[in-house]
Every structure is written in structure tokens, then in C-alpha cells.
Amino acid sequence: MVSYDNRRSPTPALRADPPHKGEGEVLALVLRDIRLSIRAGGGALTGVIFFLAVIATIPFGVGPDLKLLARIGPAILWIGALLACLLGLDRLFQADREDGSLDLLVLGNDRHMLALTVLVKCLAHWAGSVLPLVVAAPLLGLFMNMEPLSIGATALTLLVGTPAITFIGAVGAAVAVALPRGGLLISVLVLPLTIPVLIFGVSASYGAVADPDPFLQPFLILAALTLFLAVLGPVAAALALRHGTD
Amino acid sequence: MRLIAENLGGERGGERIFSGIGFALEKGQALVVTGPNGSGKSTLLRVIAGLLPRAEGDVRIESGGETFPTIASACHYLGHLNAMKTALSVAENLRFWRDFNGDGQLGVEEALETVGLGGIGHLPFGYLSTGQRRRAAIAKLLVSHRPLWLLDEPTAGLDKASETRFAGLMARHCAEGGIVVAATHLPLGLDGAQALVMGSPSPLWGGSIREAERGGGLL
């Protein structure tokens, strides 16, 4: 047995960390969540495989009409990515709740706002689980016989628009955190709220290739939606988590 | 620094679990909460931490200074769950909590050695046994400085030697001016330790209103 009596007691000199607030905590949380999403059981690949399955099935259902495939391509990519985004959302807070980490994250509210913690978790979730979808989208665009410009525009709108889906999803995940099988409930709660994101994402993607339609306006609205929800989503989710502890 | 509770009441699912709890702890003092299962020990600790709303009364920290103005900012809460990720290594887990909680104190390796887990920091947390997991969670208390420790059955799953060692850690924390509130049957061996005996549970689980009986040394 280690004798603790003669061990060094923590003196101020041992407290090497400067009393910084913000950066260190934020970075630590981002690193942890991204690590978790990459390691076994994280589910970073699950979304991509689901996305692949959805997109690969469409040409078999629609038939070998290449023009039709190219025309519906952006919409199908967006719907596939939206559904794949919803897939991993239920674990956003539930995993932390099950092992007790959520209590400590909530207790940290007085040091760094819980809304900030939620925002950071959302960004880590996006980087770990949703960004792979955006990366896979151009490849899957080939399945849909899309032209390069159309593929590029769709990937760009996905890059800008999918964070909004994560922020909306965080609210649903926070509300349903205490429910043992909240996954389906979260999808049902979140899906209607993501429709504006889908509409502007798809219309910007079409705007890039179909000539009279504008690209910039729907794209800017999409960016505005993401920025707006980056504030509203974490605040609402933090409120739900704060009152959801039991 | 003082921790003060006045006429504190807590409820779960609309049922009053306890009421009229009061105590005052100066720095260096400890409160040992005992009582049968279902008497509200865990609820009391969660109410103190602010994880559950108070049904009545007040609990607060006085003269905590700028660093620790509220209980949430001044406390380590060790619940039934260890708050560690099974997919990450023990050292990664501890390093995360050290960075997240701030106010770094012991280094990760040093904290692990203190709880008798030296040299296994590289193992995934999921590989550890129940007792080792608990000890790793206790190491979490050591990597960041918090004056107030709220401990819910901290020695569950620990063997005799580890229990003794943990009692020593609590004693040392108190000796350095910390405050410990622990729901435990472990004798702390502290002169200043107060005891709070929660009321006996009703025959039905989570039953009717219970008054907590007060042990010696309380207000």
C-alpha cells in the first residue's frame, strides 16, 4: 500500500496551470469527442455506410434514365445526407449521460457556459460524424451521373448546411436524453425543423447548374440559417440539459 | 470557506424524500451522511451539487472568494457512475477532466500512483476491474483542485486496502482546508467529522415524507 502521509502534498507550485478560461477546456472536449467518434463504437463510419446504402439504392429504383438521375441527384444527395445526419444524433448526449459525464459537464456551467460546452460538442460531432458524409458526397454524386459543377455545388452546400442540422439535432437530443430509446423520437422531432435547411440547400445546388435560377441568394440564406442555429441550438439544448438532470 | 445548508428539503418525482436538513461545515471539516437504502443520501448530495432542484431551504458556499463563488464551481461530484469513457485510456480520461475542469493539481501519473494504479494509464478504461475503475474515478478528484468534495458511496467496489487509502486521501483533503461531504459507512478517522443520519425508509420504496434525524455535532 502506498503511504500517502509522506507524499508530496499539493502546493501552489504544483498547480502549474495558469487560471485560463476557455481555450484549454474547449480544445480538450473537442479532442475527446473526436477521438471517441473515431474509435470503436463511435459511429463515424455508420453514417457514411448508411449514406452509401441510400444513394446506391436510388438508381436501381429509378431505373437507368441517366438524365433523370442527374436531375434529381442534388436532391437525393441532400436527403441521404440529412437522414444519415439524424442517425447518430441520439448518442450526442446520451453516451455522456450513461457514464455520468453529463453531470460533470452540467456542473461546469459556472466556469464555462453550458451552451458553449454544447456548441463544442456539436462541432466535434459534426467533424467526427457529419464531415465524412460531406467528403463522401462527391463520390456518391458519380452514382447519380451528376456533372462536376453540380457535384461541387452540392458538396459545398452540404458543407455549409449540415452544421445547421447538427445544431437543430442537439436540441432534440437534449430533450430526449433521458429516454432509453430516444433515437426515433429525435428524428421525428428534428426532421420537420430541418426542412428549411433542406429547401435552401437543394435550391442553391440547383441554382449552380440550372441557368435562370440564382445560386448566391439561397446559398447565403443557408449560411445565415447555420449561423443563426449555431446560437439558438446550443442555448436551447443547454436549457433542456440543465433541467433534465435527475 | 463555509458550506451552509438550512432547512434543506429534496424530492424525487414529486415525493418528498427528506426535509429540514441543516448543517454548517467550516473548512477542514467533513460530514458523513449515513442511513439505510432509499433514505435520500444520493438525493441530498445531488441537491447540494445543484443537479436536482431544492424543494425548500437553501444551501450555499460562503466566502469562497472569486475562484469558487458557487457550489457548482467549488465542488467535485463523485456519483455512482465514474464519468469515464471506456474507449479512451485511463490517462486520456484523466487528462481530459484535468483540462476541462481547470485548476490543475496533481499530474495524471502522480494521481494514478496515489490511488495505486501507477503504470496502467495507457490501458483503455474499459479493461479495468470495478475496483480499479472506482480508483481511477477517485484519481479524477486529485487532478483538479476543488475545495468541496461531494462523494456518493465513494468506496463502492473497493477492497479493504483501497478503502483505507481513500480514507487517508479524504483526511488529507480536509487537513489542507477542504470540505468533504460523503455518503459512506467508512469511518473517516477525523476529529471534526460530523455525522448526519438520514431517516429510515418507509416500507414502500420511495414512500411517504420522512424527516431526517440529526446525528451528533450538528447545528
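Provided above is the structure to which this section pertains.
Computed from a prediction, not measured in an experiment: that's the story for all the values here.

### Here we look at the overall build of chain B
(1) Moving on: Helix and strand counts for chain B come out as six helices and eight strands.
(2) Moving on: The order of α-helices and β-strands along chain B, N terminus first, is β-β-β-α-β-α-β-α-α-α-β-α-β-β.
(3) Moving on: Evaluated residue by residue, chain B yields a buried proportion of 59% over its 219 residues.
(4) Moving on: Taking the contacts inside chain B whose residues are at least 6 apart along the sequence as the reference set, 69% of them involve residues at least 24 apart.

### Side note on the pairing of strand E5 (residues 75-78) of chain B
Working note: regular strand, side chains alternate between the two faces of the sheet.
Residue and element names in this part refer to chain B.
(1) Moving on: Every second residue of E5 is oriented toward a common face, with Cys-75 and Tyr-77 on one face and His-76 and Leu-78 on the other, all of them buried.
(2) Moving on: The pairing of E5 with strand E6 (residues 148-152) spans four bridges and is classified as parallel. Paired with Tyr-77 across the bridge in E6 is Leu-150.

### A word on helix H9 (residues 216-242) of chain A
Residues and elements named next belong to chain A.
(1) Moving on: The end-to-end C-alpha distance of H9, which contains 27 residues, comes to 39 Å, matching closely the 39 Å that a straight helix rising 1.5 Å per residue would cover.
(2) Moving on: Residue Leu-229 marks the point of greatest curvature in H9, where the axis turns by about 30 degrees.
(3) Moving on: Residues of H9 that are buried: Pro-218, Phe-219, Leu-222, Leu-225, Thr-226, Leu-229, Gly-233, Pro-234, Ala-237, Ala-238 and Leu-241.

### Topic: unusual backbone geometry
(1) Moving on: A positive phi angle is found at Asn-145 of chain A, which is not glycine, with a value near 55 degrees.
(2) Moving on: Residue placement: Asn-145 of chain A occurs in the loop between helix H6 (114-143) and helix H7 (148-175).
(3) Moving on: Taking the relative accessible area as the measure of exposure, Asn-145 of chain A reaches 34% and is therefore partly exposed.
(4) Moving on: Within the chain, Ala-83 of chain B stands out as a residue other than glycine whose phi angle is a positive 55 degrees.
(5) Moving on: Structurally, Ala-83 of chain B can be placed in the loop between E5 and helix H3 (90-101).

### As for the interface of chain A and chain B
(1) Moving on: On the side of chain B, 44 residues touch chain A, which itself brings 38 residues to the contact.
(2) Moving on: Between chain A and chain B we count four salt bridges in total.
(3) Moving on: Here Lys-85 of chain B ties to Asp-96 of chain A by a salt bridge, and the two come within 2.6 Å at their closest N and O atoms.
(4) Moving on: Across the chain A-chain B interface, the total number found is five residue pairs in polar contact (both at pLDDT 80 or more).
(5) Moving on: For the side of chain A that touches chain B, the elements supplying multiple residues, two or more each, are helix H1 (23-38), helix H4 (91-98) and helix H5 (101-107) of chain A.
(6) Moving on: Per-element tally for the side of chain A that touches chain B: the top contributor is H1 of chain A, with seven residues.
(7) Moving on: Split by residue class, the side of chain A that touches chain B holds 14 nonpolar, seven polar and 17 charged.

### Considering the environment of Val-143 of chain B
Residue and element names in this part refer to chain B.
(1) Moving on: With respect to the element layout, Val-143 can be found in helix H5 (residues 130-143).
(2) Moving on: Classification of Val-143 as buried rests on a relative accessible area of 0%.
(3) Moving on: Counting along the chain gives 36 residues from Val-143 to Gly-107, while the straight-line C-alpha distance between them is 6.1 Å.
(4) Moving on: Ignoring sequence-local partners within four residues, the contact set of Val-143 consists of Leu-94, Arg-98, Asp-103, Gly-104, Gln-105, Leu-106, Gly-107, Val-108 and Ala-111.

### A short note on the packing of aromatic side chains
(1) Moving on: Within this structure, the stated rule accounts for four aromatic pairs over all chains.
(2) Moving on: Their ring planes at 85 degrees and their centres at 5.9 Å tell us that Trp-97 of chain B and Phe-100 of chain B sit as a pair that is edge-to-face. In this pair, Trp-97 of chain B and Phe-100 of chain B both sit in helix H3, three residues apart, roughly one turn of the helix. Each member of the pair, Trp-97 of chain B as well as Phe-100 of chain B, is classed as buried.
(3) Moving on: Clustering of aromatic rings is evident, with ring pairs tying together Phe-96, Trp-97 and Phe-100 of chain B.
(4) Moving on: Between the NZ or CZ atom of Arg-32 of chain A and the centre of the ring of Phe-96 of chain B, over which it lies, the distance is 4.4 Å.
(5) Moving on: A cation over a ring is seen here: Lys-140 of chain B above Trp-97 of chain B, with NZ or CZ 5.9 Å from the ring centre.

### Here we look at the pattern of salt bridges
(1) Moving on: If you walk through the whole model with that rule in mind, you get 20 salt bridges over all chains.
(2) Moving on: Ionic pairing is found between Arg-35 of chain A and Glu-92 of chain B, a salt bridge with its closest N-O pair at 3.4 Å. In this pair, Arg-35 of chain A sits in helix H1 while Glu-92 of chain B sits in helix H3, so the two residues belong to two different chains.
(3) Moving on: We classify Arg-35 of chain A as partly exposed; its relative accessible area is 31%.
(4) Moving on: Measuring nitrogen to oxygen at the nearest pair gives 2.6 Å for the salt bridge that ties Lys-121 of chain A to Asp-96 of chain A. Of the two residues, Lys-121 of chain A is situated in helix H6 and Asp-96 of chain A in helix H4; the sequence distance between them amounts to 25 residues. Side by side, Lys-121 of chain A and Asp-96 of chain A carry an identical accessibility label, which is buried.
(5) Moving on: Where salt bridges share partners, they join Arg-2, Glu-6, Glu-26, Arg-54, Asp-58, Arg-60 and Glu-62 of chain B into one cluster.

What counts, and at which threshold
- Residues numbered from 1 in each chain as written.
- Chains lettered and ligands numbered in written order.
- Predicted model: local features only at pLDDT ≥ 70, side-chain atom pairs only at ≥ 80, totals over all residues.
- Heavy atoms only, no water.
- Helix = DSSP H or I, 4+ residues; strand = E, 2+ residues; numbered from the N terminus.
- Buried < 20%, exposed > 50% of the residue type's maximum accessible area, 1.4 Å probe, protein only.
- Contact = heavy atoms within 4.5 Å.
- Pairing = 2+ DSSP bridges.
- Expected span 1.5 Å × (residues − 1).
- Bend = angle between axes of the 7 residues up to and from the residue.
- Salt bridge = Lys/Arg side-chain N within 4 Å of Asp/Glu carboxyl O.
- Polar contact = N/O pair within 3.5 Å; in protein donor to acceptor, adjacent residues only side chain to side chain.
- Nonpolar A, V, L, I, M, F, W, Y, C, P; charged D, E, K, R; others polar.
- Phe/Tyr/Trp six-rings, centres within 6.5 Å; stacked < 30°, edge-to-face > 60°.
- Lys NZ or Arg CZ within 6 Å of the ring centre and 35° of its normal.

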